[in-house]
Structures are given as structure tokens and as C-alpha cells.
Protein chains: 2
Amino acid sequence: MTTQELVAQIHEKQSFLCIGLDVDLNKIPKHLLDKEDPIFEFNKAIIDATHHLAVAYKPNTAFYEAYGIKGWKSLEKTITYLNANYPEVFTIADAKRGDIGNTSTMYAKAFFEDLEFDSVTVAPYMGKDSVEPFLAFENKHTILLALTSNQGAFDFQTKNVEGKELYKQVLEVSKSYKNSKNLMYVVGATKAEFIGEIRKIIPDSFLLVPGVGAQGGNLQEVCRYGLNDQVGLLINSSRGIIYASDGADYAKAAAEKALELQKQMENILKS
Amino acid sequence: MTTQELVAQIHEKQSFLCIGLDVDLNKIPKHLLDKEDPIFEFNKAIIDATHHLAVAYKPNTAFYEAYGIKGWKSLEKTITYLNANYPEVFTIADAKRGDIGNTSTMYAKAFFEDLEFDSVTVAPYMGKDSVEPFLAFENKHTILLALTSNQGAFDFQTKNVEGKELYKQVLEVSKSYKNSKNLMYVVGATKAEFIGEIRKIIPDSFLLVPGVGAQGGNLQEVCRYGLNDQVGLLINSSRGIIYASDGADYAKAAAEKALELQKQMENILKS
């Protein structure tokens, strides 16, 4: 998917909502556990109920790998279902991969070719040759971790590296990578005040912002600092939407939560 | 596996060799491609031929994920085969994972419980709460990326962070993590001169050293700086061993290469 197609979808739906499909068998409605593939059934119902309100879906691979081959099958079925039924939707493999050159190429193939995701999240620690193999894929997007929304972000990401915070170094340095136009960045919403600083370094890039809702970020604040003339934001909500109810009405409850966020986004886009 | 069991195995085999199972279908002998599971057949033959010379095996998960569910099955069969037939061997899932707390727990379950690896490699960028969930597993080991062997290591890892290189900050800070006794570290062999510095910060920890062979590191140099009184080193070789021959004799050729390294290690341990 091109960035232009993503932007067009945002304007059409008046939404820049990403729904995180972080599915834990201990948290989904009990009646689904009798199904052959409870995770896929859960995802399918959530997607069907929310696809008109969200522009992106983001399964976190950890939740699938934890169930071994069965989990990997649920992931494959989920992305196949998305691509077959809602091809306009932007898909993100939240995998936080990264390895030396030839190995990163294998990861890129796994997510871009085998599973056909539009994008994958990548960790920056190993530098240029760990990121560029992902960037080599046309119309695929590499979402680099810059500033994450967890407490551990303060261990290294905000430390001063030769005059500026490490996450700013990551933003600066990554701009020089080959095909850097295919980069987006993960920027946690718990630090909305940092987003203004980030926009000075990467004015045009899309930011994937987790942490609105469960992790305490504020949508208005994030938009104040983060919106650009292409919108430039994908706001992720996972638990706040998908676990809105643990009863038989879970998909309907998820859609209600998604609608709340979409309405807020519509107001912001119109103002 | 406990560290003591690993050390005992090293002394018994007079080896601290780790064999990287980074299996690429384009590089394995052609006659294997007719088998139902070429990757597992390849691994099984390599393991059977080298298990008396190596103390650890390290499949890099990227090479399995690139083949989707089929690849994940090959990985599962490989670790199951290792645990069933050579339970004395230390197993490393080279996965370079890391995510926020509850998500890292899912990854830890994937590799420690579902696949029953003894250890997993973890990226440090997201800090404390991304690493501690792995450390919570008893007799399992978390191998944190410190200084990697690729060119991109110079992008961030060697940058000065508040008075010392980022990789040294990672070493220092991680020592304060809960259950840090379960930590080992990845330290690339292409920078052998750094290993002396590293030993000052973490004198007792095991170091997993890639880059001897294909990536240009020197075994003697690494040992001069890196050995401690528990040996404290696992030296990884992947391509140099597993692709020693692309003919029907590939397992025998791999064993010969492994024997060469084991003999060098025996000499070093005896001197």
C-alpha cells in the first residue's frame, strides 16, 4: 500500500485509528474457546464490526507465537482474511524485529512476502544494515521504534547521546538510510510533549502512536503536536477496544469504543 | 539448564562451540529439497554429526519464519529433536525479541514454555520492563544484545551516552534488573579489543560471541580478553560450519569444521 492510499483512506473514514489485535486466550469471551481457532474467530468478529471505523490493524506477533504453530496459523488466517475482505486497510505486523543484514532480509520476506503485511515494526539497536533490508521492499513500510510508551523507555531511549536523546539520534540517523521514505516511527503517547520535538526532525513521516487509552496517553494532546498536512498519525488502541466486553456482545462493544475514538478523530480532522 | 550444567558440559567436551542453525533453502544440498521437511533433515544430520563437538545450538528464528508455518514446524521439530536426543546441549533461540512487559511475557512463554529453549536473545532498546519478563523464568537464560558484530553496530551501540558507550550502558544498567543472574550477553567478535572492557563490567557473565569465521573475528583474541574462571564464552559459528560442503557429505564436512574449532578450544582451555 502506498502512503497516498493510506492518507486517502483516512480522509474517507475520517479516522486514523489503528486497532491492536493482541489476543490473549485468557481474556476473550469464554464461549469462543470451544471453536477450532478461537483467536481467529475473535479477530474476524472484531474486524467485521470495526473495519469502517479503523484504517489499520496491528496484530502483535508475541500473542500468536506464544501459542506455537497454532498461533502462527491464527496470525496467517487473520492477515489473509484482512487482505481478502478489506484490502483498503493498512496492516501492521507488530514484530519488533531486527538482525544483521542477510537475516533481516529473511524477516522482511516473512512479513512482506509470506504473510503479505503492509508494514512491520523494527527495533533500531543494530543500526543501518539491520533496517535497510526492510526498506528495500517497494510500497511496504518499516515502522522503526523511536520512543516507546513503556517505563523502560527511560533506560536508554531518553539518555543523552552526543548532545541529544537517543530516540532523536535514531530519528536523525535513520533519515540517511537508503529508501528512508519507507520509514514510519513508533512514538509513545505517554510523552505527548515530546511529539512536537519529534515533528521538527521528521515533519513528513507517519507516526504510529500506542498508549492512547490503556497506557494513559491523551488523543487531543498527541494530535496538537503530531498532526501534519498528510495527517501523519496512526493512533493505536488495543485492550481498550478489543476487551471492551468479555460477553457475547464483545464485537458490538468493540465497535462502540472504536466509534467513540473515530468521532473524536473526525472532530479533530474537521477543526 | 543451569549455568553449572553448561560449564560442566564445556569441560567434558573441551569445547565452548555454539553452532548456528541459520538454514537457507537456497544453500543446502539440492538432494534434500525432495524431502518432506528439508530444513529439519538438514539440521538433524548436522546435529547428529556435531553434538559431541558443540555445547550449544542456535537456530536464528528469521530463517524459519521466512517459510511461514512450514518454517515454524521445522523449528519446532529441531528443538524437540535436540531436547529428546541431546538434552545436555544448551539451546538458544536467536530471536532478538523485546516488547513492553505483558508482551515480553508472551515471547518468553513462546520460547521457554512452548518451544522449551534454554535461552533466547533479547534486544535492549525498550529497557527494563521489556527484559525482566524473560529473566523471571528459572534456569532459563536471557541473552541481551550488547555489542553486535555488524557494521550497523556503530550507528548507536558505540555512541557516547553520558560518558560511556551505549553498549556499556546496556551492560551496566542491565545488572540492576531483577534476576540479572539469568543474563548473558551478545558481544561481536569483530571487536575483540572491546571484550576486555566488557569483562570489567560483567566479569562473571557468559558472552555469546558471533562473528568468528564468516564475520572475521579471531578466536585467540576473543579468548585472551573474554575467558573467565567459568570459561564464560560461547563462540558461535554458523555458515562456516553448516555450509562447509553443499554435497551429500555436508554433515561430515560440518563435523570436520567443528572439530577444527573444538581442537583450538581444547588447546586454549589447556593452556
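Everything numeric here is computed off the predicted structure, so don't read it as measured data. (Residues numbered from 1 in each chain as written. Chains lettered and ligands numbered in written order. Predicted model: local features only at pLDDT ≥ 70, side-chain atom pairs only at ≥ 80, totals over all residues. Heavy atoms only, no water.)

1. Thoughts on the sheet that holds strand E3 (residues 90-97) of chain B
All names here are of chain B.
Stage number 1. Taken in spatial order, the eight strands line up as E1-E2-E3-E4-E5-E8-E9-E10 and close into a barrel, and their pairing is parallel. When strand polarity is set aside, the average angle formed by the axes of neighbouring strands in this sheet is 30 degrees.
Stage number 2. As paired elements, strand E4 (residues 119-122) and strand E5 (residues 141-147) share four bridges and run parallel to each other. The residue of E5 that forms the bridge with Val122 is Leu144.
Stage number 3. Taken strand by strand, helix H2 (residues 38-50) contacts strand E1 (17-21) and strand E2 (56-59), and its axis lies near 170 degrees from that of E1.
Stage number 4. Across the sheet, helix H5 (residues 101-114) touches E3, E4 and E5, and the angle it forms with E3 is around 155 degrees. (Pairing = 2+ DSSP bridges. Helix = DSSP H or I, 4+ residues; strand = E, 2+ residues; numbered from the N terminus. Axes fitted to C-alpha atoms, helices over the stretch in contact; angles between N-to-C directions. Contact = heavy atoms within 4.5 Å.)

2. Topic: the UniProt feature "active site" (unreviewed entry) in chain A
Stage number 1. Summarizing the sequence annotation, UniProt attributes the feature "active site" (unreviewed entry) to Lys96 of chain A in the numbering used throughout.
Stage number 2. Structurally, Lys96 of chain A can be placed in strand E3 (residues 90-97).
Stage number 3. Residues in contact with Lys96 of chain A, not counting those within four places in the same chain, are Asn60, Thr121, Val122, Ala123 and Leu145 of chain A together with Lys96, Gly98, Asp99 and Met126 of chain B.
Stage number 4. For Lys96 of chain A, the side chain forms a polar contact with the side chain of Asp94 of chain A, separated by 2.9 Å. (UniProt positions renumbered as here; feature names shortened; annotations may be inferred. Polar contact = N/O pair within 3.5 Å; in protein donor to acceptor, adjacent residues only side chain to side chain.)

3. Thoughts on the packing of helix H2 (residues 38-50) of chain A against helix H12 (residues 250-270) of chain A
Residues and elements named next belong to chain A.
Stage number 1. Remark: H2 packs on H12, axes separated minimally by 8 Å, with the N-to-C direction vectors making an angle of 45 degrees. It follows that H2 is oblique to H12 by the angle criterion. The two elements H2 and H12 cross, and the hand of that crossing is right-handed. In this structure, H2 uses Glu41, Phe42, Ala45, Ile46, Ala49 and Thr50 to contact H12, whose residues at the interface are Tyr250, Ala251, Ala254, Ala255 and Ala258. (Parallel < 35°, antiparallel > 145°, perpendicular 65-115°, else oblique. Left-handed = near helix turned anticlockwise from the far one by under 90°.)

4. Considering the pattern of salt bridges
Stage number 1. On inspection of all chains with the given rule, the structure shows 32 salt bridges over all chains.
Stage number 2. Measuring nitrogen to oxygen at the nearest pair gives 3.5 Å for the salt bridge that ties Glu256 of chain B to Lys252 of chain B. On the criterion of helical spacing, the pair formed by Glu256 of chain B and Lys252 of chain B is a turn pair, its members being four residues apart in helix H12 (residues 250-270).
Stage number 3. By relative accessible area, which is 58% here, Lys252 of chain B ends up exposed.
Stage number 4. One salt-bridge network, in which partners are shared between bridges, spans Lys58, Asp94 and Lys96 of chain A together with Asp99 of chain B. (Salt bridge = Lys/Arg side-chain N within 4 Å of Asp/Glu carboxyl O. Buried < 20%, exposed > 50% of the residue type's maximum accessible area, 1.4 Å probe, protein only.)

5. Considerations on the side chain of Gln9 of chain B
Stage number 1. Inspection of the secondary structure puts Gln9 of chain B in helix H1 (residues 3-13).
Stage number 2. Gln9 of chain B has contacts with Ala54, Val55, Glu88, Val89 and Phe90 of chain B, leaving out every residue within four places of it along the chain.

6. What about the interface of chain A and chain B?
Stage number 1. Chain A puts 55 residues into the contact, and the matching count from chain B is 55 residues.
Stage number 2. Both faces combined, the contact of chain A with chain B buries some 4,900 Å², and carbon together with sulfur accounts for 62% of it.
Stage number 3. Its largest share of buried area at the contact with chain B, chain A owes to Met106, Tyr125 and Phe156 of chain A, together 18% of the area lost on that side.
Stage number 4. One salt bridge in this structure joins Arg97 of chain B and Glu65 of chain A, with 2.9 Å as the shortest N-O distance.
Stage number 5. Summed over the shared surface of chain A and chain B, the number is 29 residue pairs in polar contact (both at pLDDT 80 or more).
Stage number 6. Among the elements that make up the side of chain A that touches chain B, the one with the highest residue count is helix H5 (residues 101-114) of chain A (seven residues).
Stage number 7. Of the residues belonging to the side of chain A that touches chain B, the class tally is 25 nonpolar, 15 polar and 15 charged. (Buried area = accessible area lost by both parts, 1.4 Å probe. Nonpolar A, V, L, I, M, F, W, Y, C, P; charged D, E, K, R; others polar.)

7. A word on the side chain of Ser15 of chain B
Stage number 1. Mapped onto the secondary structure, Ser15 of chain B falls in the loop between H1 and E1.
Stage number 2. Look past the residues within four positions of Ser15 of chain B in its chain and what remains in contact with it is Ile10, Leu53, Ala54, Val55, Gln262, Met265 and Leu269 of chain B.

8. Topic: the nonpolar core
Stage number 1. If you look at the biggest cluster of nonpolar residues, it comprises 208 residues, and the most contacted ones within it are Phe111 of chain A together with Ile19 and Phe111 of chain B.
Stage number 2. Aside from chain neighbours lying at most four places away, what touches Phe111 of chain B is Glu65 of chain A together with Thr61, Trp72, Ala93, Ala95, Arg97, Glu116, Phe117 and Val120 of chain B. (Core = buried A, V, L, I, M, F, W, Y, C linked by side-chain atoms within 4.5 Å.)

9. A few points about the relation of the copies chain A and chain B
Stage number 1. Under the fitted operation, chain A is carried onto chain B by 0.0 Å of movement along the axis and a turn of 180 degrees, and the coordinates agree to an RMSD of 0.0 Å. Both chain copies can therefore be described as sitting about a two-fold axis. Minimal C-alpha distance to the rotation axis in chain A is attained by Val161 of chain A, lying at 2.3 Å.
Stage number 2. A share of 100% of the interface residues of chain A reappears at the interface of chain B, consistent with the copies meeting face to face through the same patch. (Least-squares fit on C-alpha atoms with pLDDT ≥ 70 in both.)

10. Topic: the sheet that holds strand E9 (residues 207-209) of chain A
Residue and element names in this part refer to chain A.
Stage number 1. Read around the barrel, eight strands follow the order E1-E2-E3-E4-E5-E8-E9-E10 and close on themselves; strand pairing throughout is parallel. For this sheet the average axis-to-axis angle between neighbouring strands, irrespective of direction, equals 30 degrees.
Stage number 2. Pairing analysis gives three bridges linking E9 to strand E10 (residues 233-237), with the strands arranged parallel. When the sheet's bridge partners are listed, Val209 is paired in E10 with Ile235.
Stage number 3. Along the sheet, helix H8 (residues 166-174) makes contact with strand E5 (141-147) and strand E8 (183-187), crossing E5 at roughly 150 degrees.
Stage number 4. Along the sheet face, H12 touches strand E1 (17-21) and E10 and points at about 155 degrees away from the line of E1.

11. As for unusual backbone geometry
Stage number 1. Phi at Asn139 of chain A is positive, roughly 55 degrees, even though this residue is not glycine.
Stage number 2. Along the chain, Asn139 of chain A turns up in the loop between helix H6 (128-135) and E5.
Stage number 3. Of note in this structure, Glu162 of chain B is not a glycine but carries a positive phi near 45 degrees.
Stage number 4. Inspection of the secondary structure assignment puts Glu162 of chain B in the loop between strand E6 (160-161) and strand E7 (164-165).

12. Considering the packing of aromatic side chains
Two aromatic rings are characterised by how far apart their centres lie and by the angle between their planes.
Stage number 1. Following the criterion strictly, the structure yields 18 aromatic pairs over all chains and no others.
Stage number 2. Linked through ring pairs, Trp72 and Phe111 of chain A together with Trp72, Phe111 and Phe117 of chain B together constitute an aromatic cluster. (Phe/Tyr/Trp six-rings, centres within 6.5 Å; stacked < 30°, edge-to-face > 60°.)

13. Describing helix H6 (residues 128-135) of chain B
All names here are of chain B.
Stage number 1. For H6, the tally of buried residues reaches six of eight residues, placing the bulk of the element in the interior.
Stage number 2. Three or more residues of H6 are buried, namely Ser130, Val131, Glu132, Pro133, Phe134 and Leu135.
Stage number 3. Looking at the packing, one finds that the buried side of H6 touches E3, H5, E4, E5 and strand E8 (183-187).

14. So, the packing of helix H9 (residues 192-201) of chain A against helix H10 (residues 219-226) of chain A
All names here are of chain A.
Stage number 1. Contact pair H9 / H10: the axes reach a minimum separation of 8 Å and the direction vectors enclose 15 degrees. Taken together, H9 and H10 sit at an angle that is classed as roughly parallel. Our pair here, H9 against H10, has a crossing hand that is right-handed. Listed contacts from H10 to Ala192, Glu193, Ile195, Gly196 and Arg199 of H9 are Glu221, Val222, Tyr225 and Gly226.
Stage number 2. Class assignment of the residues belonging to the contact of H9 with H10 gives a composition of four nonpolar, two polar and three charged.

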